[in-house]
Amino acid sequence: MKKLRSQWDFGVATVKRDGILRGLGFTKEELQRPFIAVVNSWNEYNPGHIHLRELAERVKHGIREAGGLPFEVVTTGVCDGLVLKDPRYIELPSRNLIADEVELNIEANLFDGMVLLGTCDSIVPGHLMAAARIGIPAVLVTGGYMPNCVYQGRDLGVTEVSDAIGKVMEGRMDRASFDEMVSCGHAGQGACGEMTTANSMCCAAEAMGMALPGNSTTDATDKRRLWSIAYEAGIHVMRMLVQGVTTRDLITEKSIENAIITDLAIGGSTNLLLHLPAIAAEAGIERDWWKFFDEASHRVPLLTAISPSGRYYFKDFDAAGGLPALLKNLLPLLHGDIPTVNGKTLAQNVASSCVYHKDVIRGLDNPVTKAAGIAVLYGNIAPEGAIIKAAALHPGQYHFEGVARVFHDVDDAVAALRRKEITPGTAVVIRYLGPKGRFGTTAFAFQKELAGMSIADEVAIITDGRFSGGTSGLSIGYVAPEAAIGGPLNAVLDGDRVIIDIEKRAMNIGVSDEEIKRRQAAVDWKFDETKYSRFLRLFTRNVTSTAKGATWI
């Protein structure tokens, strides 16, 4: 083992540091051990993170047993479901901030390795971006998903709760039943128990070898998470340190491809088209990852239908064999030889896995659908691509023709919906929500109100912002280039004919290229810095495009 970073000699500074640590109660012998950071995003306001203190203690036990000295440090951990009206601080700004926080904690203190604890949407990718950037031994431990609640004698998923809002507005569901649904729909600790961004990212991390087998499909209350995941993570980060294995050995072009293929096969979150390219960029891997997503979507089938794409939940996924069983079925399309955090290859990790429920986890010869769960669309308003969760569509939505109704703010679109101005055949365009325009803001509020309405299947949503991982229907996001940097989405006008063809991977307006250019020349939109804080101004000045993962320039 090379000389530990924590043992580098900085003269007086090293003496002062050791003196401070002795004053905190550490022995001289302990200070000769490797310093391992336990990077925890625990807080009391995020259900996916509220139990991470218990996991952190088991991680520290594993590190000590293996001869290391653990130090717990913290990062931001914002829950997407708790940010109320304006979620501009979450998915992208907080993700990039978290990556910077990890770097600052690790590099300022010259830790020798780290175990990263996170669960939810922006936290897991932020931790993995930092792991890729820093390049020291690291293992990811996530907190799992919350168990399902029972509502009127049946399992209830959290996306069903938000999807019911439109039903209440139309009078198709009484308020008392809805209140009962809300009160029991979220069962304590853990991420949302469906194929949302949090669980999709956890699956992707396991597929790329950065988390231990079973990490992504074990629920938050399962004690296996303490002994076979958290404790073992502490053991394995020390083994990686001894063997000289770093995140740059694990986060590679092959492992990113595995994560993308897995996201397609599970019908995962479209937000991974932001996060996985960002992780790759931090590892120094430059590539057109959206192109790979698109190419892979034509050959990777959907192997499981987890809500909101189907009737199963993550608890059913776990009971059927979990992600290891699905990866075993998917192995012919994966790089099985990639190394993982436990020292084995991916193929070795899944070799003994079994599928116990073949309707929940399908094989390549009997997929849910031959088409993948995510599609990349191209056309004259999305020359670099736009993303849709195809797994959450029904066949009647694969072709859409309608008329554009354009908004520059989600609130304005919601107000129009409530006034019943959005009618069947409308393509609702909500623009200037991308990273440069408005920090990658989500169109979630509009999509969820629409989802429960009777017109939901006959309306398309097109935005350069993003969506929740639990999005369903014709919800097309991440249009690139975004309108704020001159993308042709800024040329769409009310009344334009919109044509969407999922099978052809196409999205266009019925306007000539010359007319689009003429309209763009007349656009006069500028980002108003006076409306936003220094943090958000700093973000928009330095963020890259959506297609590049919205990392820092």
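Thresholds, definitions, all that
- Residues numbered from 1 in each chain as written.
- Predicted model: local features only at pLDDT ≥ 70, side-chain atom pairs only at ≥ 80, totals over all residues.
- Heavy atoms only, no water.
- Domains from an automatic or database assignment.
- Buried area = accessible area lost by both parts, 1.4 Å probe.
- Salt bridge = Lys/Arg side-chain N within 4 Å of Asp/Glu carboxyl O.
- Polar contact = N/O pair within 3.5 Å; in protein donor to acceptor, adjacent residues only side chain to side chain.
- 1 Å grid on protein atoms, 1.4 Å probe; cavity = no way out; pocket = protein on both sides within 12 Å on 5 of 7 lines; lining within 4 Å.
- Points joined across faces, edges and corners; volume = space filled by probe spheres on them.
- Helix = DSSP H or I, 4+ residues; strand = E, 2+ residues; numbered from the N terminus.
- Nonpolar A, V, L, I, M, F, W, Y, C, P; charged D, E, K, R; others polar.
- Expected span 1.5 Å × (residues − 1).
- Buried < 20%, exposed > 50% of the residue type's maximum accessible area, 1.4 Å probe, protein only.
- Contact = heavy atoms within 4.5 Å.
- Core = buried A, V, L, I, M, F, W, Y, C linked by side-chain atoms within 4.5 Å.
- Pairing = 2+ DSSP bridges.
- Axes fitted to C-alpha atoms, helices over the stretch in contact; angles between N-to-C directions.
- Phe/Tyr/Trp six-rings, centres within 6.5 Å; stacked < 30°, edge-to-face > 60°.
- Lys NZ or Arg CZ within 6 Å of the ring centre and 35° of its normal.

Visitor: An account of the domain arrangement of the chain is requested, with residue identities and associated values reported.
Guide: Partitioning the chain into structural domains gives domain 1 (1–31), domain 2 (33–148 + 187–350), domain 3 (151–184) and domain 4 (376–548). Taken together, both faces of the contact between domain 1 and domain 2 bury some 1200 Å²; the carbon and sulfur share is 61%. Our count for the contact surface shared by domain 1 and domain 2 stands at two salt bridges. Of the charged contacts in the structure, one is a salt bridge between E107 and R5, with a shortest N-O distance of 2.8 Å. Across the contact surface, domain 1 and domain 2 share seven residue pairs in polar contact (both at pLDDT 80 or more).

Visitor: Before we move on, could you go through the layout of surface pockets and cite the residues and values that matter?
Guide: Volume-wise, the second largest pocket comes out at about 400 Å³. For the lining of the second largest pocket, the secondary-structure elements that each account for two or more residues are helix 5 (158–163) and helix 19 (444–451). Residue composition of the lining of the second largest pocket, grouped by class: ten nonpolar, nine polar and five charged.

Visitor: Outline helix 11 (residues 253–265), listing residues and values.
Guide: For helix 11, which comprises 13 residues, the first-to-last C-alpha distance of 18 Å matches the rise-based estimate of 18 Å (1.5 Å per residue) to within 8%. Most of helix 11 is tucked away: eleven of the 13 residues are buried. Inspection of helix 11 places S255, I256, E257, N258, A259, I260, I261, T262, D263, L264 and A265 among the buried residues, and these make up the whole buried set. Buried residues in helix 11 make contact with helix 8 (197–207), helix 10 (247–250), helix 12 (272–282), helix 13 (289–297), helix 15 (322–330) and helix 16 (346–350). Within two residues after helix 11, G267 carries a phi angle of roughly 65 degrees, on the positive side.

Visitor: Go over the side chain of E282 with me, naming the residues and quoting the values.
Guide: Relative to the helices and strands, E282 is located in helix 12. If we skip the residues at most four places from it in the chain, E282 touches M129, A132, R133 and R248.

Visitor: Outline the nonpolar core, listing residues and values.
Guide: Formed by 136 residues in total, the largest nonpolar core has its most connected members in M114 and F446. By size, the runner-up hydrophobic cluster in this structure holds 30 residues, among which are L377, V492, I502 and I516.

Visitor: So what's going on with the sheet that holds strand 2 (residues 69–74)? Residues and values would help.
Guide: Taken together, the four strands give an open sheet; going across it, the order is 2-1-3-4, and neighbouring strands pair in parallel fashion. A single partner strand is all that each edge strand has here, and the edge strands are strand 2 and strand 4 (138–141). If you compare each strand with its neighbour and ignore which way they point, the axes differ by 20 degrees on average. Where strand 1 (residues 35–40) lies against strand 2, six bridges are found, and the strand directions are parallel. Residue pairing across strands places I36 opposite P70, the latter belonging to strand 2. Those strands touched by helix 9 (residues 224–243) are strand 1, strand 3 (113–117) and strand 4, and its axis lies near 170 degrees from that of strand 4.

Visitor: How would you summarise the packing of aromatic side chains if you had to cite specific residues and measurements?
Guide: Each aromatic ring pair is characterised by the separation of its centres together with the angle its planes make. As enumerated under the stated definition, the model contains twelve aromatic pairs in all. Between F35 and F71, the aromatic rings sit 5.2 Å apart at their centres with planes inclined by 55 degrees, giving tilted as the arrangement. With F35 in strand 1 and F71 in strand 2, the pair connects residues that are 36 residues apart, well separated along the chain. Take F35: its relative accessible area is 3%, and that puts it in the buried class. Consider the rings of W289 and F292, whose centres lie 6.2 Å apart with planes at 85 degrees: the pair is edge-to-face. Here W289 pairs with F292, and both are found in helix 13, just three residues apart, close to one helical turn. In terms of burial, W289 and F292 fall into one category: buried. Site record: aromatic cluster; members linked through ring pairs are F439, F527, Y532, F539 and W552. The lysine or arginine in question, R53, covers the ring of W42, its NZ or CZ lying 3.7 Å from the ring centre.

Visitor: Mind laying out the pattern of salt bridges, listing which residues take part and the relevant values?
Guide: Oppositely charged side chains are able to pair whenever their charged atoms sit close together. One pass over the structure, following the stated rule, counts 31 salt bridges. The salt bridge partner of E160 is R154, with a shortest N-O separation of 2.6 Å. A salt bridge links R287 to E257, with the shortest nitrogen-to-oxygen separation between them at 2.6 Å. Of the two residues, R287 sits in the loop between helix 12 and helix 13 while E257 sits in helix 11, which places them 30 residues apart along the sequence. For E257, a relative accessible area of 13% puts it in the buried group. Several salt bridges converge on common partners, so that one network encompasses D100, E103, R133 and E282.

Visitor: So what about the environment of L433? Which residues, and what values?
Guide: Along the chain, L433 falls in the loop between strand 10 (426–430) and helix 18 (435–438). Sequence separation between L433 and I260 is 173 residues; the distance between their C-alpha atoms is 25 Å. Discounting chain neighbours no more than four positions away, the residues touching L433 are V410, R438, F439, G440, T441, T463, D464 and G465.

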